[in-house]
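As a plain string of letters, each chain reads:
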Amino acid sequence: NVTGVQTCALPIFRFSTRAEWQTDSAVPVDVYEWHDLEAGGETAIGAALHEVATFLTPDCLRARQLPPIIVLISDGQPTDDFEAGFNALVQAPYGRGAVRIAVAIGGDADLGMLQLFVGNDSLAPLQANTAEELVNRIKWATTTPVKAVSTPTVGRSATAKLALSASHPDAASKSSVANNSLLW
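Quantities reported herein were computed from a predicted structural model and do not represent experimental measurements.

Visitor: Describe the sheet that holds strand E6 (residues 99-105), naming the residues involved and giving the relevant values.
Guide: Taken together, 3 strands build an open sheet; the order of strands is E5-E6-E7 and the sheet is parallel. Of all strands in the sheet, those with a lone pairing partner are strand E5 (69-74) and strand E7 (126-128), marking the two edges. Along the sheet, successive strands turn relative to each other by an average axial angle of 20°, direction set aside. The pairing of E6 with E7 spans 3 bridges and is parallel. Bridging across to E7, isoleucine 105 finds its partner in alanine 128. Those strands touched by helix H3 (residues 111-118) are E5, E6 and E7, and its axis lies near 165° from that of E6.

Written out as structure tokens, the structure reads:
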């Protein structure tokens, strides 16, 4: 927590064969204790996005805030209706203005689907092929976007700043001060 800066809080959502919240509510990043997830099952990304969309409403997000930042981390192909879930997400009151970031784990991740999720050709999905790279991508995704959307921009949009920073996520994550914190 930096003096004069509000603490970033996040709800964490996980999915495999079924989609479910990992936390009961938004948890401040600086106090959240990460619990490893076990991979397995199918990849219900559509159901996950649909559920996250239900959270992106004025009833759930009442306070004045920065745009939500949604990070999708996947190692595979959607096994359900991704398009329906994605449409629900971008039609949610705070979903359409959300900053969306994707991390592809390994070579089996559906890069086309992840790029569609991001919704901006200048910001490609981040790639993680090792555990260390995944940790670095998560650190980047939990710090750099918050800085990008909370810093006034002159000449560059927040997404353009993210695209520039994303080309070197390992360097950015080494200089950040955040805890590790999968879809949120």
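Visitor: A description of a negative patch on the surface should follow, citing residues and the corresponding values.
Guide: A contiguous patch of negative charge, built from Glu42, Asp80, Asp81 and Glu83, is present on the exposed surface. With respect to the secondary-structure elements, aspartate 81 resides in the loop between E5 and helix H2 (82-91).

Visitor: Describe the packing of aromatic side chains, with residues and values.
Guide: Taken as a whole and assessed by the stated rule, the structure comprises 1 aromatic pair. Aromatic pair phenylalanine 82 and phenylalanine 86: ring centres 5.6 Å apart, planes at 20°, arrangement stacked. Note that phenylalanine 82 and phenylalanine 86 are positioned in helix H2 at a spacing of 4 residues, about one turn of the helix. When sorted by exposure, phenylalanine 82 lands in the same class as phenylalanine 86, which is buried. One Lys or Arg, arginine 100, reaches over the ring of phenylalanine 117 and ends 6.0 Å from the middle of that ring.

Visitor: Describe helix H1 (residues 45-55), and please don't skip the residues or the numbers.
Guide: Those residues of H1 that fall on the buried side of the exposure criterion are Ile45, Gly46, Ala48, Leu49, Val52 and Ala53. Taken down its axis, H1 places every buried residue within 160° of arc, on the same side.

Each value, and the rule that gives it
Each chain has its residues counted from 1, following the order in which its sequence is written. Only residues with pLDDT of at least 70 are given local features in this predicted model, and only at 80 or more are side-chain atom pairs given and counted; all residues enter the totals for whole chains, interfaces and linings. Water and hydrogen atoms were dropped before computing side-chain values, which therefore reflect all heavy atoms in the structure. Should DSSP find at least two bridges between two strands, the strands are regarded as paired. A run of H or I in DSSP counts as a helix once it spans at least four residues, and a run of E counts as a strand once it spans at least two, with each numbered from the N terminus. Geometry is summarised by axes, namely lines fitted to C-alpha atoms with helices restricted to the contacting stretch, and by angles between N-to-C directions that run from 0 to 180 degrees. We call two residues in contact whenever any of their non-hydrogen atoms come within 4.5 Å of each other. For patch detection, residues must exceed 30% relative accessible area and be free of salt bridges, and they are connected within 9 Å for like charges or within 5 Å for nonpolar side chains (Val, Leu, Ile, Met, Phe, Trp, Tyr). Here the open area of atoms and residues is found with the Shrake-Rupley method and a 1.4 Å probe, where only the protein chains shown may cover a residue. Salt bridge criterion: a side-chain nitrogen from Lys or Arg within 4 Å of a carboxyl oxygen from Asp or Glu. Note that His is not counted, nor are the chain ends; the positive residues are Lys and Arg, and the negative ones are Asp and Glu. By convention, charge coordinates are those of NZ in Lys, CZ in Arg, CG in Asp, or CD in Glu. Two aromatic rings, drawn from Phe, Tyr or Trp (for Trp, its six-membered ring), form a pair once their centres lie within 6.5 Å of each other, and the interplanar angle then sorts them: stacked below 30 degrees, edge-to-face above 60, tilted otherwise. For every residue, the accessible area obtained with a 1.4 Å probe (protein chains only) is divided by the maximum for its type, and the residue is called buried under 20%, exposed over 50%, and partly exposed between those limits. We count a charge as sitting over a ring when the NZ of a lysine or the CZ of an arginine lies within 6 Å of the ring centre and within 35 degrees of the ring normal. Directions from the helix axis toward the C-beta atoms define the arc.

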